[in-house]
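One letter stands for each residue in the lines below.
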Amino acid sequence: MKELRNILVAVDFNDAIGELMGFTESIASKFGAKIWVVHVAAPDPDFVGYEPGPQYIRDFRADELKEEHRTLQKLSEAFIDNNIESEALLIQGSTVETVIAEAEKLKADLLIVGTHKHSFFHNLLQESVSLELLKKGNIPLLAIPISEA
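What comes next concerns the included structure.

Parameters and conventions
- Residues numbered from 1 in each chain as written.
- Predicted model: local features only at pLDDT ≥ 70, side-chain atom pairs only at ≥ 80, totals over all residues.
- Heavy atoms only, no water.
- Helix = DSSP H or I, 4+ residues; strand = E, 2+ residues; numbered from the N terminus.
- Buried < 20%, exposed > 50% of the residue type's maximum accessible area, 1.4 Å probe, protein only.
- Contact = heavy atoms within 4.5 Å.
- Salt bridge = Lys/Arg side-chain N within 4 Å of Asp/Glu carboxyl O.

To continue, consider unusual backbone geometry. The phi torsion at Lys 107 lies on the positive side, around 55°, for a residue other than glycine. Within the fold, Lys 107 resides in the loop between helix H3 (95-105) and strand E4 (110-116).

A word on H3. Taken together, the buried positions of H3 are occupied by Val 96, Thr 98, Val 99, Ile 100, Glu 102 and Ala 103. Immediately downstream of H3, the backbone of Lys 107 shows phi near 55°, a positive value.

Another aspect to go through is the side chain of Ser 76. On the secondary structure map, Ser 76 appears in helix H2 (residues 55-79). Ser 76 sits in the buried class, given a relative accessible area of 6%. Residues in contact with Ser 76, not counting those within four places in the same chain, are Met 21, Val 37, Ser 86 and Ala 88.

Under the criterion given, the structure shown has six salt bridges. In this structure, Lys 34 and Glu 87 form a salt bridge, with 3.2 Å as the shortest nitrogen-oxygen distance. Of this pair, Lys 34 sits in strand E2 (residues 34-41) while Glu 87 sits in strand E3 (residues 86-92), placing them 53 residues apart in sequence. Given a relative accessible area of 13%, Lys 34 falls into the buried group. On the basis of relative accessibility, which here comes to 33%, the residue Glu 87 falls in the partly exposed class. Where Glu 67 meets Arg 70, a salt bridge forms, and the shortest distance between an N and an O atom there is 3.1 Å. Here Glu 67 and its partner Arg 70 are both found in helix H2, three residues apart, which amounts to about one turn of the helix. Taking relative accessible area as the criterion, Glu 67 reaches 40% and is therefore assigned partly exposed. For Arg 70, a relative accessible area of 41% puts it in the partly exposed group. Residues participating in the shared-partner salt-bridge network are Lys 34, Glu 85 and Glu 87.

Now the structure itself:
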């Protein structure tokens, strides 16, 4: 079996983050791996083709991103044992492409994501982020079923 040195866990700010982090911590402790906790924030408007807005809007968005990063760091500290090396990263961009690019950049050996259970018809009409990551990525993917709150 391949040795795991870097595990990237892609998180969203929802109630099930503890469940996802628990799985990640357990695997990392068994392999002595580093955990990269990654959250993808929405891109800035100019990234998606809009002109930059007034300065107060840019300042507001910068404050939002700083707060999201602080929250991510606090969650990482709360759910990951101090004996496990970890780092929290907030990155802006398109979710699937950004997670894959970051996993490749960090030389992740395993990508862990949470996946929601939905009905057959929901799954038929809408592809999930975890399915897109599986299709487009070249890194082993562990999808953890998340309980609905």
